[in-house]
Amino acid sequence: MKYIVPIYFGREGCCFFLHARCLAVIRYSRYLIMLSRYDIQTTVSSSFRSSVIAIFSSLEPNHDNTAGMSSTEDIIMAIPRELTQNPLRKIWMPCKNGLPEKHISQKRVCMTNCPTLIVTVGLPARGKTYISKKLTRYLNWIGVPTKEFNVGEYRRECVKTYKSFEFFCPDNEEGLKIRKQCALTALNDVRQYLSVEGGQVAVFDATNTTRERRSTIMRFVDQNGYKVFFVESLCEDPKVIAENIVQVKLGSPDYIDCNTEEAIQDFMKRINCYENSYQPLDENLDRELSYIKIMDVGQRYLVNRVLDHIQSRIVYYLMNIHITPRSIYLCRHGESDLNIRGCIGGDSGLSTRGKEFAQCLGQFIQDQNIKDLKVWTSQMKRTIQTAEALGVPYEQWKALNEIDAGVCEEMMYEEIQEHYPLEFALRDQDKYRYRYPKGESYEDLVQRLEPVIMELERQENVLVICHQAVMRCLLAYFLDKSAEELPYLKCPLHTVLKLTPVAYGCKVESIYLKVEAVNTHRDKPENVDISRLAEEALLTVPAHY
Amino acid sequence: MERRKKAVMRKRTRGESTASVPQFTNSPTMIVMVGLPARGKTYISKKLTRYLNWIGVPTKVFNVGQYRRDAVQTYKNYEFFRPDNKDAMKIRKACALAALKDVCCYFTQDHGQVAVFDATNTTRDRRELILSFAKDNGYKVFFVESLCDDPEIIAENITQVKLSSPDYINCDKEEAVADFLKRIDCYKITYVPLDDEKDRHLSYIKIFNVGSRYLVNQVQDHIQSRIVYYLMNIHVTPRTIYLCRHGESELNLVGRIGGDSGLSTQGIKFAAALGSYIRGQCIPDLKIWTSHMRRTIQTAEAIGVPYEQWKALNEIDAGVCEELTYEEIQDHFQEEFALRDQDKYRYRYPKGESYEDLVQRLEPVIMELERQENVLVICHQAVMRCLLAYFLDKSADELPYLKCPLHTVLKLTPVAYGCKVESIFLNVEAVNTHRERPTNVDVDRDPEDALLTVPEHN
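The rules behind the values
Residues numbered from 1 in each chain as written. Chains lettered and ligands numbered in written order. Predicted model: local features only at pLDDT ≥ 70, side-chain atom pairs only at ≥ 80, totals over all residues. Heavy atoms only, no water. Helix = DSSP H or I, 4+ residues; strand = E, 2+ residues; numbered from the N terminus. Buried < 20%, exposed > 50% of the residue type's maximum accessible area, 1.4 Å probe, protein only. Contact = heavy atoms within 4.5 Å. Lys, Arg positive; Asp, Glu negative; His and termini not counted. Charge placed at Lys NZ, Arg CZ, Asp CG, Glu CD. Pairing = 2+ DSSP bridges. Axes fitted to C-alpha atoms, helices over the stretch in contact; angles between N-to-C directions. Polar contact = N/O pair within 3.5 Å; in protein donor to acceptor, adjacent residues only side chain to side chain. Phe/Tyr/Trp six-rings, centres within 6.5 Å; stacked < 30°, edge-to-face > 60°. Parallel < 35°, antiparallel > 145°, perpendicular 65-115°, else oblique. Left-handed = near helix turned anticlockwise from the far one by under 90°. pLDDT = per-residue confidence, 0-100. Nonpolar A, V, L, I, M, F, W, Y, C, P; charged D, E, K, R; others polar. Salt bridge = Lys/Arg side-chain N within 4 Å of Asp/Glu carboxyl O. Disulfide = S-S within 2.5 Å. Expected span 1.5 Å × (residues − 1).

**As for the overall build of chain A**
Stage number 1. Along chain A, the regular secondary structure elements total 16 helices and 18 strands.
Stage number 2. Every one of the 545 residues in chain A was classed for burial, and the buried ones make up 53%.
Stage number 3. In chain A, once contacts between residues fewer than 6 apart in sequence are set aside, the share between residues at least 24 apart is 65%.

**Topic: the overall build of chain B**
Stage number 1. On a plain count of helices and strands, chain B comes out with 16 helices and 12 strands.
Stage number 2. Relative to its 458 residues, chain B shows a buried fraction of 58%.
Stage number 3. Counting contacts in chain B only where the partners sit at least 6 residues apart, residues at least 24 apart contribute 70% of the total.
Stage number 4. Placing the 62 positive and 64 negative side-chain charges of chain B at their respective mean positions leaves the two points 5 Å apart.

**Re the sheet that holds strand β9 (residues 308–309) of chain B**
Residues and elements named next belong to chain B.
Stage number 1. Sheet architecture is open: six strands sit in the order β9-β8-β10-β7-β11-β12, paired in mixed fashion. If you trace the sheet from one side to the other, it starts and ends with β9 and β12 (418–425), each paired once.
Stage number 2. In this fold helix α14 (residues 355–371) packs onto β7 (241–245), β8 (287–290) and β10 (375–379), with an angle of close to 175° to the strand it touches most, β8.

**Quick word on the side chain of A:Asp286**
Residues and elements named next belong to chain A.
Stage number 1. Considering the arrangement of structural elements, one finds Asp286 in the loop between α7 (260–275) and β11 (291–295).
Stage number 2. Among the polar contacts made by the side chain of Asp286, one reaches the side chain of Arg211 at a distance of 2.8 Å.
Stage number 3. Setting aside anything within four residues of it in sequence, one finds Asp286 in contact with Arg211, Arg214, Pro280, Leu281, Tyr291 and Asn304.

**What to know about the packing of aromatic side chains**
Stage number 1. Taken as a whole and assessed by the stated rule, the structure comprises 31 aromatic pairs over all chains.
Stage number 2. Arranged with centres 5.9 Å apart and planes meeting at 35°, the rings of A:Phe168 and A:Tyr274 form a pair that is tilted. Here A:Phe168 is found in the loop between α3 (151–158) and α4 (173–196), whereas its partner A:Tyr274 is found in helix α7, with 106 residues between them in sequence. Neither A:Phe168 nor A:Tyr274 differs from the other in exposure class; each is buried.
Stage number 3. For the ring pair B:Tyr106 and B:Phe107, a centre distance of 6.0 Å and an interplane angle of 40° mean the geometry is tilted.
Stage number 4. What makes B:Tyr106 buried here is its relative accessible area of 8%.

**Examining unusual backbone geometry**
Stage number 1. In this model, A:Ala503 sits at a positive phi of 50°, which is unusual for a non-glycine residue.
Stage number 2. Tracing the backbone through its elements, the reader meets A:Ala503 in the loop between β17 (495–502) and β18 (505–512).
Stage number 3. We note that B:Val210 has phi near 55°; this positive angle belongs to a residue other than glycine.
Stage number 4. Looking at the element boundaries, B:Val210 is found in the loop between β5 (204–208) and β6 (213–217).

**Overview of the environment of A:Lys371**
Residue and element names in this part refer to chain A.
Stage number 1. Along the chain, the position of Lys371 falls in the loop between α10 (352–368) and β14 (374–377).
Stage number 2. Of the residues examined, Lys371 reaches a relative accessible area of 58% and is grouped as exposed.
Stage number 3. Measuring from C-alpha to C-alpha, the distance between Lys371 and Val462 comes to 9.8 Å, with 91 residues separating the pair along the chain.

**Section: the packing of helix α6 (residues 238–249) of chain A against α7(A)**
Residues and elements named next belong to chain A.
Stage number 1. Direction vectors running N to C along α6 and α7 enclose 120°, while the axes themselves pass 11 Å from each other. With respect to α7, the element α6 is oriented oblique. Where α6 crosses over α7, the two elements pack in a sense that is right-handed. Touching Ile241, Ile245 and Lys249 of α6 are Ile264, Phe267, Met268 and Ile271, all from α7.

**Considerations on the confidence of the model for chain A**
Stage number 1. Mean pLDDT over chain A works out to 85, with 82% of the residues at or above the 70 mark.
Stage number 2. Below a pLDDT of 50 lies the segment residues 104–109 of chain A, which in the model reaches 14 contacts outside its immediate sequence neighbourhood of four places, other chains included.

**Thoughts on the packing of helix α8 (residues 309–320) of chain A against helix α8 (residues 222–233) of chain B**
Stage number 1. Direction vectors running N to C along α8(A) and α8(B) enclose 155°, while the axes themselves pass 11 Å from each other. The angle between α8(A) and α8(B) places the two elements in the roughly antiparallel class. Crossing handedness for the pair α8(A) and α8(B): right-handed. Contacts from A:Ser312, A:Arg313, A:Val315, A:Tyr316, A:Met319 and A:Asn320 in α8(A) reach B:Ser225, B:Arg226, B:Val228, B:Tyr229, B:Met232 and B:Asn233 in α8(B).
Stage number 2. Class assignment for the residues of the contact of α8(A) with α8(B) results in six nonpolar, four polar and two charged.

**Points about the sheet that holds β18(A)**
All names here are of chain A.
Stage number 1. Taken together, six strands build an open sheet; the order of strands is β15-β14-β16-β13-β17-β18 and the sheet is mixed. Looking along the sheet, the strands with just one partner apiece sit at the ends: β15 (395–396) and β18.
Stage number 2. Of the pairings in the sheet, the one linking β17 to β18 comprises eight bridges and is antiparallel in character. Directly across from Val496, in β18, lies its bridge partner Ile511.
Stage number 3. In the packing of α10 onto the sheet, the strands contacted are β13 (328–332), β16 (462–466), β17 and β18, and the crossing angle to β13 comes to about 170°.
Stage number 4. Against the sheet, helix α15 (residues 468–479) engages β13, β16, β17 and β18, with an angle of about 155° to β13.

**Some remarks on the pattern of salt bridges**
Stage number 1. Across all of its chains, the model carries 44 salt bridges over all chains by this definition.
Stage number 2. With its nearest N and O atoms 3.3 Å apart, the salt bridge here joins A:Lys438 to B:Glu323. Remark: B:Glu323 occurs in the loop between β9 and α12 (326–332) and A:Lys438 occurs in the loop between α13 (421–429) and α14 (442–458); the pair is interchain, linking two chains.
Stage number 3. On the basis of relative accessible area, A:Lys438 is assigned to the exposed category, the value being 64%.
Stage number 4. B:Glu323 gets classed as partly exposed once you look at its relative accessible area, which sits at 30%.
Stage number 5. In the salt-bridge network here, residues are joined through shared partners; they are A:Arg155, A:Arg156, A:Asp254 and A:Arg270.

**Topic: the state of the cysteines**
Stage number 1. Inspection of every chain in the model, using the stated rule, returns zero disulfides over all chains.
Stage number 2. This cysteine, B:Cys104, is not joined by any disulfide, and B:Cys105 carries the nearest cysteine sulfur, 6.4 Å off.

**A look at the pairing of β6(B)**
Stage number 1. Most of β6(B) sits out of view: five of its five residues are buried.
Stage number 2. Every second residue of β6(B) is oriented toward a common face, with B:Arg213, B:Leu215 and B:Asn217 on one face and B:Tyr214 and B:Val216 on the other, all of them buried.
Stage number 3. One ladder, built from five bridges, connects strand β12 (residues 300–304) of chain A with β6(B); its direction is antiparallel. Bridge pairing in β6(B) links A:Val303 to B:Tyr214.
Stage number 4. Relative to β6(B), β5(B) is paired through five bridges, and the arrangement is antiparallel. Following the sheet pairing, B:Ile207 is matched in β6(B) by B:Tyr214.
Stage number 5. Connecting β5(B) to the next strand, β6(B), in antiparallel fashion are four residues, including B:Asn209 with a positive phi near 45°.

**Quick notes on the pairing of strand β3 (residues 114–118) of chain B**
All names here are of chain B.
Stage number 1. The buried fraction of β3 amounts to five of the five residues, a majority that puts the element mostly inside the structure.
Stage number 2. Burial along β3 is two-sided: the residues Val114, Val116 and Asp118 and Ala115 and Phe117 are all buried.
Stage number 3. Both strand β1 (residues 29–34) and β3 contribute to a ladder of four bridges, which runs parallel. Paired with Met30 across the strands is Ala115, a residue of β3.
Stage number 4. When strand β2 (residues 59–63) meets β3, the two strands line up parallel, connected through five bridges. Along β3, the bridge assignment pairs Phe62 with Phe117.

**Considerations on the side chain of A:Arg214**
All names here are of chain A.
Stage number 1. Within the element layout of this structure, Arg214 appears in helix α5 (residues 211–224).
Stage number 2. Of the side chains with opposite charge, Asp286 comes closest to the buried, unpaired Arg214, at an N-O distance of 4.4 Å.
Stage number 3. Among all residues touching Arg214, those that are not within four sequence positions of it are Val121, Asn208, Thr209, Phe230, Gln279, Pro280, Leu281 and Asp286.

**Concerning α8(B)**
All names here are of chain B.
Stage number 1. If you check α8, its first and last C-alpha atoms are 17 Å apart, about what 12 residues at 1.5 Å a residue would give, namely 16 Å.
Stage number 2. Within α8, 12 of the 12 residues are buried, leaving the element largely enclosed by the surrounding structure.
Stage number 3. Among all positions in α8, only His222, Ile223, Gln224, Ser225, Arg226, Ile227, Val228, Tyr229, Tyr230, Leu231, Met232 and Asn233 are buried.

Here you go:
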């Protein structure tokens, strides 16, 4: 950068001056650039909208020492494009002609460049479907579009009624044909999901116990340019297997007409059918593959060749989950002074009724007689005050703080409509992605809460005293709610949600502790147009004092 | 004393952590390294210690080799390590016991939480000794075994860290390598790795060939889980990390903190200069990260390659003090201003954040930086201080005063057990935004005392 180059622009054309080794290409007009050394002064007319490409780069001269004129691609390199802030998500993006340009910077951290296929491996009743569903739920929650493909379900579609374990006998040619066909159909749907529908991760849930089946899958993956990661579950503990069968097999459509004993017997024979041909992932033969072997429900793990960020996150998650029975209690702080006035956010203390709730909560927890209960709060006064009434030690997490409403902190909805009607409407248009000016979005909240979820997975009995938006995010994780549903989940004050993992999901019990409180739930109004009237915007605001 | 806001005051009494992170572990933990010489044990020990201290878990390394060097002033040759050298064995055992005693002091007197016991620990006997010691004292034990049979990796290790060791200070390169290889042989004879069956009740991670494979057994608690995750994300592939701030911003020019302003004229020049510099470095597969704030994105735009935006890289939230000058903060929030000077690391702005919060927020960034190779991070002053403190192992007291001037790129290259830093000023003038700690941090100091160290601005 050692040259002086005056450059002038005509109207709608290209015009450039070259001097020594400097090159600049300009495209649009009304833009005067005087370039001297590092002195770049630009005057841009207010109506200037088109993008201007001006570079200043120390390009290598051509061999004959004439000024090098590089191709258009090289030139595009050093353009400082104009930035515009997306009004909904408050994300700065480069723009062209006043419109945002598609740019990689719009994505959050790039989890993976190519789609990933997760392939489960293991005998029946080893927890493959449990892991598949849980992992899918987690990945979707953190924003990675994921879908599971359970080959057993394809088989049930194909062979309407299940007769007995004989279908799975290794010498049942008919059975084998159907099962292979089902696997291929499922793979086809995987391709549809990953390559056409924009999915990022697909979980291929089947036994995949033979090297031959796994080779078929790897060929499929190579053909389509996907990454593959195997998750093998090995378990020889008869108690664990028996518990699995009771929890999820007895209720399976396959055994709908059988009594418990018949079902168990048949299923054990079914496992036998697979045992003889089972070839676990091999430390030597499969040393180039990426996989995790989970042994004895998480006592031990063997992790091989983790390739990228998403696989690393998956491994971390799988290593933190457990199946020890436990309960998670979610509730909000007691009613606060700001709640009563209909104001959002802030850091106020409990109202009289809120304090009463805290006492009732203490009584409730005592009555539940929970073993080794951990209590977590946020770092805001109202949750801490609530926990204090319980009389047990508790831990404060800043990550559990309520969503930051930025400029709207401590305002009533009526005030938000008055001062920020546009923002108010944008929020109703996409409540999940909407970010308050100088504040956060639900999407940000989920990212903030991920370590909380990870620690909740590690723990056993926990009571989390938090806030409305936070509780919605946590609940959405446990109940597998979509980003659209999440911001409208009902989490009323003075109500404890008791979550108990059961089978493949979560049982929810809602316990209202019989202390009156204001309603703080605002439904999505019908009219979300930015041109709507104030009354339409405020239609669904809950009553307050 | 309202240093960390009212929430802290309301905290329950003893044993409660007042940090923004929950307690990781109740009992102290000993991390015990296992492995032949030149398998990366000290590299892992130091790196892990640096990481744990950075996230707020007081950790210390106890390198038994160091104790041995203190006991036996001069190292002659590998014969000291022969398994039949009874005198040497006595000394070596005494050193291990001395180190264990210091571990005990560290936990009980110095309030340490994790101690990394860095030695070969290659025999079952030695490991039994440590396990009994831990059991007697109520410490948890987590083994980290490093196995490697790739001769190239071992040779590289020896070159990087053994040749310059105090043991080989008077030897030439070939002598040193030959002696060291014989040293390794001494250990090989008696080496018994952690066993799948016999050690099934122990908590450990086995690292094979610098991370292509891991075996993890019986992780007991949160801190062990974090340690495993960390160990599984680090690598030794040579690479470079570039840290810099956004170009000078409009608010920088007028001495205001925070906000979301655009680049000043000088800032735009810097962005162009940064673009040139980066292109000139010819870095393969460079990843560029920015925050969500306009000034870092504008800076990245000038480089002309795709970049990723991380909200976690946003500048520290100054809460009620956002977009104020230091003079205005002194005017309106005199007490807060003083409290901040008293403990800049832990001080949290009203409705804002502390450096301590920042570190927690940045942990996923550090984890991803460990996974990546060549990265340029365009961020902010407080954020850059936190990241730099991680790479250069700076304490919580030093961190908030690290110098991270505008328009200067820091090039970090991992080397041996640490990080080489090169500072490159891109020759574009900018205001100074660094405010030193004033001498008087009393709550009732005069405004002049408070504003003594405020850098100049328009």
